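Given next are the chains, with one letter for each unit.
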Amino acid sequence: MNNETADTTDQALLAIRVWRRLDSGRIPCYTCPVSEAVSARIFKTDWFSKAAKKADICDADLCKAIEQVKLGQCDDLGGGVFKKRLDKNRHRSIVVAKGGRYWVYSYLFAKKDRENINKNEIEDFRKIADTYVKITEKEIELALENEILLEICHGEKV
C-alpha cells in the first residue's frame, strides 16, 4: 500500500469513526435518485478543503461541478459514491451523497499523481456515504462547529 492509498484509507476510517461516534443506531432512510437531491446541502471535508486550496480549486468551481454531478455528468461508482473531474480534467474528486440530503466532497487527487482509486477505497467511501444517510442536522451542525465539514454553495444556483 503506497502512502497515497494509506492517506485515503486513513481519512475514510477517520470519517467513519467520527460518524459512528455521533450515530446512536438510527435507522437509515432510503436513498433517492440523483435528480431528486437538488435542494441538498453541499459540504467539503476539512481534508478536501486543504487539498483543493493547494490545487487552486475554488468553491465556485466546486459548486458548478456539483450541479453537473446532480445531472449525472460524473462517474457513478455505486453506493452513493461519485467521481467528478475538476480543474480542466487535471484533478478528480470523490463526492459522497446518499439519502439525497447531503453532498460531500471527500477526496481529491491529481490525475498525474494517480490514475484512480482502488476497490478497497471505493468500499471505504461507500461506508462513509452510508453514515451520511443516518446523520442528523444537529450532528451536521456539530461537524461544522468542529470544522470537520465546511459548507459551500449555501443553496445558491451557480
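What this report covers is the structure whose coordinates are included nearby. In this text, all values refer to a predicted model and were calculated from it rather than measured experimentally.

Let's shift gears to the pattern of salt bridges. All told, the structure shown has 12 salt bridges when counted by the stated rule. Between Lys-83 and Asp-75 there is a salt bridge, with its nearest N and O atoms 3.9 Å apart. Assessed through its relative accessible area of 8%, Lys-83 is described here as buried. One salt bridge in this structure joins Asp-87 and Arg-90, with 2.9 Å as the shortest N-O distance.

A full pass over the atoms with the stated rule returns 6 aromatic pairs. Centre to centre, the rings of Trp-47 and Tyr-107 are 5.1 Å apart; their planes meet at 15 degrees, and the pair counts as stacked. With a gap of 60 residues between them, Trp-47 in helix H2 (residues 46-54) and Tyr-107 in strand S5 (residues 102-110) connect regions that are remote in the sequence. A relative accessible area of 24% means that Trp-47 is categorised as partly exposed. Owing to a relative accessible area of 1%, Tyr-107 belongs among the buried residues under this scheme. Aromatic pair Tyr-107 and Phe-125: ring centres 6.0 Å apart, planes at 35 degrees, arrangement tilted. Taken together, the residues Tyr-107 in strand S5 and Phe-125 in helix H4 (residues 119-134) connect sequence positions 18 residues apart. The residues Tyr-107 and Phe-125 share a single accessibility class, namely buried. Each residue in the set Trp-47, Tyr-107, Phe-109 and Phe-125 is aromatic and connected to the rest through ring pairs, giving one cluster.

Definitions and limits used
Residues numbered from 1 in each chain as written. Predicted model: local features only at pLDDT ≥ 70, side-chain atom pairs only at ≥ 80, totals over all residues. Heavy atoms only, no water. Salt bridge = Lys/Arg side-chain N within 4 Å of Asp/Glu carboxyl O. Buried < 20%, exposed > 50% of the residue type's maximum accessible area, 1.4 Å probe, protein only. Phe/Tyr/Trp six-rings, centres within 6.5 Å; stacked < 30°, edge-to-face > 60°. Helix = DSSP H or I, 4+ residues; strand = E, 2+ residues; numbered from the N terminus.

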